[in-house]
2 protein chains.
Amino acid sequence: MNKFNLIFKDLEEKIRQGIYQEGDLLPSENELTKTYDVSRETVRKALNLLLEHGYIQKQQGKGSIVLPTGQYQFPVSGLTSYKELERSQGIKGNTKVIVNDYLSFPDVLREESDMPEVAEVQYILRERLVNGEVLILDKDYFDPAIVPHIPTEVAEDSIYAYLEGVHHLDISYAKKTITVEPATTEDKELMQLQEPFVVVVRSDVYLDDTRLFQHTESRHRLDRFKFVEFARRRNV
Amino acid sequence: MNKFNLIFKDLEEKIRQGIYQEGDLLPSENELTKTYDVSRETVRKALNLLLEHGYIQKQQGKGSIVLPTGQYQFPVSGLTSYKELERSQGIKGNTKVIVNDYLSFPDVLREESDMPEVAEVQYILRERLVNGEVLILDKDYFDPAIVPHIPTEVAEDSIYAYLEGVHHLDISYAKKTITVEPATTEDKELMQLQEPFVVVVRSDVYLDDTRLFQHTESRHRLDRFKFVEFARRRNV
DNA sequence: CAGTGGTCTAGACCACGCT
DNA sequence: GCGTGGTCTAGACCACTGA
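Residues numbered from 1 in each chain as written. Chains lettered and ligands numbered in written order. Predicted model: local features only at pLDDT ≥ 70, side-chain atom pairs only at ≥ 80, totals over all residues. Heavy atoms only, no water.

1. Overview of the overall build of chain A
If you tally the helices and strands in chain A, you get eight helices and nine strands. Dimensions of chain A along its principal axes, counting C-alpha atoms only, are 60 × 40 × 40 Å. By the burial criterion, 51% of the 236 residues in chain A qualify as buried. Taking the intrachain contacts of chain A between residues at least 6 apart in sequence as the baseline, contacts between residues at least 24 apart amount to 57%. Of the side-chain charges in chain A, 30 are positive and 40 negative, and the distance between the mean point of each set is 8 Å. (Helix = DSSP H or I, 4+ residues; strand = E, 2+ residues; numbered from the N terminus. Buried < 20%, exposed > 50% of the residue type's maximum accessible area, 1.4 Å probe, protein only. Contact = heavy atoms within 4.5 Å. Lys, Arg positive; Asp, Glu negative; His and termini not counted. Charge placed at Lys NZ, Arg CZ, Asp CG, Glu CD.)

Here you go:
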């Protein structure tokens, strides 16, 4: 791991533990330079990560102020797998694989994804349960030309950990959309819906080398859906 | 404007104009160093902005690849005012101010916002129309201890341009949530809703000095709501 | 191997806040 | 005036790609 990332993790940990509290000023960049025995630009790269994640706010002439980190923890936004969310948020959930099979290229990918047409895709349908309730239905489509076969045991655990850890795929970025759509019969059956709508989060997920390897359709019970984002203003 | 921002804007413009096309490699960092007559770190800051905005993908040993920039243009995510969205997306919309008045501190702020209790707030209710249809209802609450009075003419145009340009407030970051909620009578009347639900985007908006100055509740017709995000994977 | 991006350094000058 | 963060530089070494 590089230095600025280590410093970021260290400061993040100290903020989470309350060693630096809301409203406190972090040590100045010059002090951090000495503490970690690195150059100032390296300290600043670490502080920029804290800034982007909403941990601090910087003010010229004053210092870096620690922001409140509400009860919810990020990132509901971003590109994070469900298993990782569970871990970082302390949710205890269950995942049940309903389908794990190969399909000939389905229409939904033609319409909702940029994935180039291939003969067949690996299709995984999963239920996400929290406290015995099915809150999310996840439909994943993988391009088998890029992604090795994903066994059901892996799909019950973490697919991303498997692809990154075991097969060394470099998952890099995603294009996501969120819409609200009428619930299908499948939605109603599997999620025991009260409401006629579901929230649909669709993602095209890309590797480091810009290859599109996965499309995901994540269907949420709307009464339990909540998306949280920390956003910074940019020069428009 | 600083150098890396100027370089970013220049390269962004060239990508938008198709001077650099999807799949092309940008000139190498060394070449850009010469082109703009700056140091390499400065070039890299500009490229990082392109990276975060989803314009390029970098690969060690190869270069910076230009990504496709779909028809939709960001940022629907982030902290951008409706007027700015209109401009960057080429939407022609209308804004109609329904209410512009002072209220004693309303319950909704106690429940949905971190705004500290003050005697009264400025309340602005606006309709956003596109092609004659009301798509969004915006409810803004401003802390008058921080924000000068906002006249109705300004609310019909751009409040952020007014606060930043005229009063030099430094708008910095926001905490946002997206949920789906039952439509109120007001929603149904003003938006002529077919559906019993609306998408609600709530934001607490902060200044540079971490003061919370605004809460916004943006109520969307769910059949016309679409949220688009570009997300990068981070080390978890 | 040459060329690319990734990281890091030591130092400089500036703009801002506070006292 | 002093300490803070914001910007920029010139140079170094490393890891990776592709011929």
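Back to the write-up after that little detour.
2. Quick look at the protein's contact with DNA strand C
If you check the shell around DNA strand C, you find 25 residues, and the closest are Asn2 and Lys3 of chain A together with Arg40, Glu41 and Arg44 of chain B. For DNA strand C, the backbone portion of the atoms within 4 Å of the protein, that is sugar and phosphate, comes to 59%. Within the side chain of Thr42 of chain A, an N or O atom sits 2.8 Å from a phosphate oxygen of DNA strand C. Here a base nitrogen of DNA strand C sits 2.3 Å away from a polar atom, N or O, in the side chain of Glu41 of chain B. Those elements giving two or more residues to the surface near DNA strand C turn out to be helix H1 (3–16) and helix H3 (40–52) of chain A together with helix H2 (29–36), helix H3 (40–52), strand S1 (56–59) and strand S2 (63–66) of chain B. Residues of the surface near DNA strand C, tallied by class, amount to two nonpolar, 11 polar and 12 charged. (Near = heavy atom within 4 Å. Polar contact = N/O pair within 3.5 Å; in protein donor to acceptor, adjacent residues only side chain to side chain. Nonpolar A, V, L, I, M, F, W, Y, C, P; charged D, E, K, R; others polar.)

3. Quick word on the protein's contact with DNA strand D
Looking at DNA strand D, there are 25 residues lining it, with Arg40 and Glu41 of chain A together with Asn2, Lys3 and Ser39 of chain B nearest. Atoms of DNA strand D within 4 Å of the protein: sugar and phosphate make up 61%, bases the balance. A distance of 2.3 Å is found between a base nitrogen of DNA strand D and a side-chain nitrogen or oxygen belonging to Glu41 of chain A. Between DNA strand D and Ser39 of chain B there is a distance of 2.7 Å, counted from a phosphate oxygen to a backbone nitrogen or oxygen. For the surface near DNA strand D, the secondary-structure elements that each account for two or more residues are helix H2 (29–36), H3, strand S1 (56–59) and strand S2 (63–66) of chain A together with helix H1 (3–16) and H3 of chain B. Across the surface near DNA strand D, the residue classes break down as two nonpolar, 11 polar and 12 charged.

4. Some thoughts on the side chain of Lys175 of chain B
As for its placement among the helices and strands, Lys175 of chain B is situated in strand S6 (residues 171–182). Within the structure, Lys175 of chain B has its side chain in polar contact with the backbone oxygen of Pro68 of chain A (distance 3.4 Å).

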